[in-house]
Amino acid sequence: MKIINTKYQALDQLFKSRIEGKTIGLIPTMGALHEGHLNLVEKSKYHSDVTVVSIFVNPTQFNNPEDLEKYPRTVEEDLKLLEGKGVDYVFLPEVNEMYPQPAKLKMDFGALETILEGASRPGHFNGVGIVVSKLFHIINPDYAYFGQKDLQQVAIIRQMVNDLSFSVNLVVVPTVREEDGLAMSSRNRRLNITERKKALVLYESMVLAKNELLAGRSWFELKDKIQHKFNQVDGVKLEYFELVETETLNMVANQGIKDFGQEQKYSLCTAAFVGDVRLIDNLPI
Ligand code: PAF
């Protein structure tokens, strides 16, 4: 496994693979790797001839400086895990390499960035769009692998790829969960034992809501019930709990949704603070 730190090294190292006609798979990450990331690596190893994992904690997507500072950084451990999975290259740039000057360009994703994560974290998706487009330019992958856990991020990147004609195929991989249902996330490392137990309310609420929606309960009534469930867990603060159309992320406001026939047409999306750790999750219906 080779470690690449600059864009010129990336160009140089990947050149040979490219002229040999090999396909390149990229898994963009911010490190603190877990089973979810390793699952993306496995998908890439299966699909692509060469697998590149990027590890870069991107400052421009954090709207809260404390969140950036506390974001877990475990590079040594990450490299061992990636080596064990047979990854070919790790792109591990410094901030100056990715941002030789502060990015002035702004990406506007329209309605998509005014809801859910976009509403809660102003500027977040601009930062994601900028860094992912830099990674796509630097690595020039044939395939890029993203987890479904970041449903809105996937929609944003899909829009960016279409609007800017990137020639990369996006591969979206279902969320990997702990045995009790908690979605794997780098942020879970920041939860203490008590918070870890409390964090389960996100998944349990989505399962409850899914079952009740399928049984015909109105969304309007259900939202109150879910808020109540969160209120009962001390130290957990619900930020949003929404029902959206999976494709467009348009919120479903009405009470009488009956059309659950089409697979994964809708998704429940939630975000909550557990202590001072902000977690997100979603569940397709
Ligand atoms: O999902 C993440 O870890 C990040 O948002 C990404 C895609 C690596 C961009 O920094």
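A few points on the structure. (Residues numbered from 1 in each chain as written. Predicted model: local features only at pLDDT ≥ 70, side-chain atom pairs only at ≥ 80, totals over all residues. Heavy atoms only, no water.)

### A look at the site of the ligand
So, step 1. The ligand sits among Pro28, Thr29, Met30, Asn58, Gln61, Val131, Asp150 and Gln153.
So, step 2. Separating an oxygen atom of the ligand from a side-chain N or O atom of Gln61 is a distance of 2.6 Å.
So, step 3. Take Gln153: an N or O atom from its side chain is 2.7 Å from an oxygen atom of the ligand.
So, step 4. Look at the ligand: alone it shows 290 Å² of surface, and the protein chains cover 89% of it.
So, step 5. In terms of residue class, the shell around the ligand is made up of 3 nonpolar, 4 polar and 1 charged. (Near = heavy atom within 4 Å. Polar contact = N/O pair within 3.5 Å; in protein donor to acceptor, adjacent residues only side chain to side chain. Areas by Shrake-Rupley, 256 points an atom, 1.4 Å probe, with all protein chains shown as cover. Nonpolar A, V, L, I, M, F, W, Y, C, P; charged D, E, K, R; others polar.)

### Thoughts on the sheet that holds strand 4 (residues 89–91)
So, step 1. Across the sheet, which stays open at both edges, the 6 strands sit in the order 1-4-3-2-5-6 with parallel pairing between neighbours. If you trace the sheet from one side to the other, it starts and ends with strand 1 (2–4) and strand 6 (169–173), each paired once. Looking at each pair of strands side by side, their axes are set apart by 25 degrees on average, direction ignored.
So, step 2. Pairing of strand 2 (residues 24–29) with strand 3 (residues 50–55), which is carried by 6 bridges, proceeds in the parallel orientation. Residue pairing for strand 3: Ile27 is matched across the bridge by Val53.
So, step 3. Contacting strand 2, strand 3, strand 4, strand 5 (143–147) and strand 6, helix 7 (residues 124–139) runs over the sheet at an angle of about 150 degrees to strand 2.
So, step 4. In the packing of helix 8 (residues 151–163) onto the sheet, contacts are made with strand 5 and strand 6, and the angle to strand 6 comes to roughly 170 degrees. (Pairing = 2+ DSSP bridges. Helix = DSSP H or I, 4+ residues; strand = E, 2+ residues; numbered from the N terminus. Axes fitted to C-alpha atoms, helices over the stretch in contact; angles between N-to-C directions. Contact = heavy atoms within 4.5 Å.)

### A look at the packing of aromatic side chains
So, step 1. Counted according to the given criterion, the structure contains 6 aromatic pairs.
So, step 2. Considering the side-chain rings of Phe62 and Tyr71, the 5.6 Å spacing of their centres and the 75 degrees angle between planes classify their relative orientation as edge-to-face. Taken individually, Phe62 and Tyr71 each receive the classification buried, so the pair is uniform in this respect.
So, step 3. A connected cluster of aromatic rings, assembled from ring pairs, spans Trp219, Phe230 and Phe241. (Phe/Tyr/Trp six-rings, centres within 6.5 Å; stacked < 30°, edge-to-face > 60°. Buried < 20%, exposed > 50% of the residue type's maximum accessible area, 1.4 Å probe, protein only.)

### What about the sheet that holds strand 7 (residues 236–245)?
So, step 1. Pairing is antiparallel across the open sheet formed by 3 strands, whose spatial order is 7-8-9. In the strand order of this sheet, the two ends are held by strand 7 and strand 9 (277–284), each with one partner. On average, adjacent strands in this sheet sit at an angle of 15 degrees to one another, irrespective of strand direction.
So, step 2. Pairing analysis gives 9 bridges linking strand 7 to strand 8 (residues 266–274), with the strands arranged antiparallel. Bridge pairing links Lys237 to Phe273 in strand 8.
So, step 3. Together, strand 7 and strand 8 form the strand contacts of helix 11 (residues 219–231), whose direction differs from that of strand 7 by roughly 155 degrees.

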